[in-house]
Amino acid sequence: MSKMSNIKKNDLVEIIAGKDKGKRGKVLEVLRKSEKVVVEGVNIAIKHQKPTMTNQEGGKIEKPMPIHISNVMPVDPKTDKTDRIRVKTLEDGSRVRFFKKTGETVD
């Protein structure tokens, strides 16, 4: 892993490259070792599943698959545009994520 990820779970992101370019969604999971994220409604794969005790019918199940973290960019809710996220350390030692253009804190 090359650097700390500025994208976290529940962030709103936009896909900037690939077949789903331009789509937006919420980050469901961050896979740090492989530097990928799972985004809601993006990169959907159809899995064929056999009937089991929990799923009596089986059949085709749509599942969001991971996409590389370099292909997503966070969306600033204030401007509704994509923006980079920076991290700064405050005097008390806590770290804060903020958008580069507006300076608004993310969380």
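In what follows, the structure referred to is the one given above.
Computed from a predicted model, the values in this text were never measured in an experiment.

(A) Representation of the overall build of the protein chain within the structure. A count of helices and strands for the protein chain gives zero helices and ten strands. The N-to-C order of helical and strand elements in the protein chain reads β-β-β-β-β-β-β-β-β-β. For 107 residues, the compact-globule estimate of 2.2 N^0.38 gives 13 Å, and the protein chain exceeds it by more than 25% at 17 Å. In terms of its C-alpha atoms, the protein chain occupies a principal-axis envelope of roughly 55 × 30 × 25 Å. Looking at the protein chain as a whole, 24% of its 107 residues qualify as buried.

(B) Just the pattern of salt bridges, in detail. Applying the stated criterion to the full structure yields five salt bridges. The partner of D11 in a salt bridge is R97, and the shortest N-O contact between them spans 2.9 Å. Note that D11 is positioned in the segment before β1 (12–15) and R97 in strand β10 (residues 95–99), a separation of 86 residues in sequence. On the accessibility criterion, R97 (4% relative accessible area) is buried. Between K23 and D20 there is a salt bridge, and its shortest N-O distance comes to 3.2 Å. On the accessibility criterion, K23 (39% relative accessible area) is partly exposed. Given the relative accessible area of 11%, D20 is considered buried. One connected set of salt bridges, linked through shared partners, spans E14, R24 and D80.

(C) Up close: the side chain of D11. We classify D11 as buried; its relative accessible area is 10%. Excluding residues that lie within four positions of it along the chain, D11 makes contacts with N6, G25, K26, V27, R97 and V106.

(D) Examining the pairing of β1 more closely. Bridge count for β1 against strand β2 (residues 24–31) is three bridges, and the pairing is antiparallel. Bridge assignment links V13 to a residue of β2, and that residue is G25. By the bridge criterion, three bridges tie β1 to strand β7 (residues 72–76) in an arrangement that is antiparallel. The residue bridging E14 from the neighbouring strand is M73, located in β7.

Cut-offs applied
Residues numbered from 1 in each chain as written. Predicted model: local features only at pLDDT ≥ 70, side-chain atom pairs only at ≥ 80, totals over all residues. Heavy atoms only, no water. Helix = DSSP H or I, 4+ residues; strand = E, 2+ residues; numbered from the N terminus. Rg over C-alpha atoms; globule rule 2.2 N^0.38 Å. Buried < 20%, exposed > 50% of the residue type's maximum accessible area, 1.4 Å probe, protein only. Salt bridge = Lys/Arg side-chain N within 4 Å of Asp/Glu carboxyl O. Contact = heavy atoms within 4.5 Å. Pairing = 2+ DSSP bridges.

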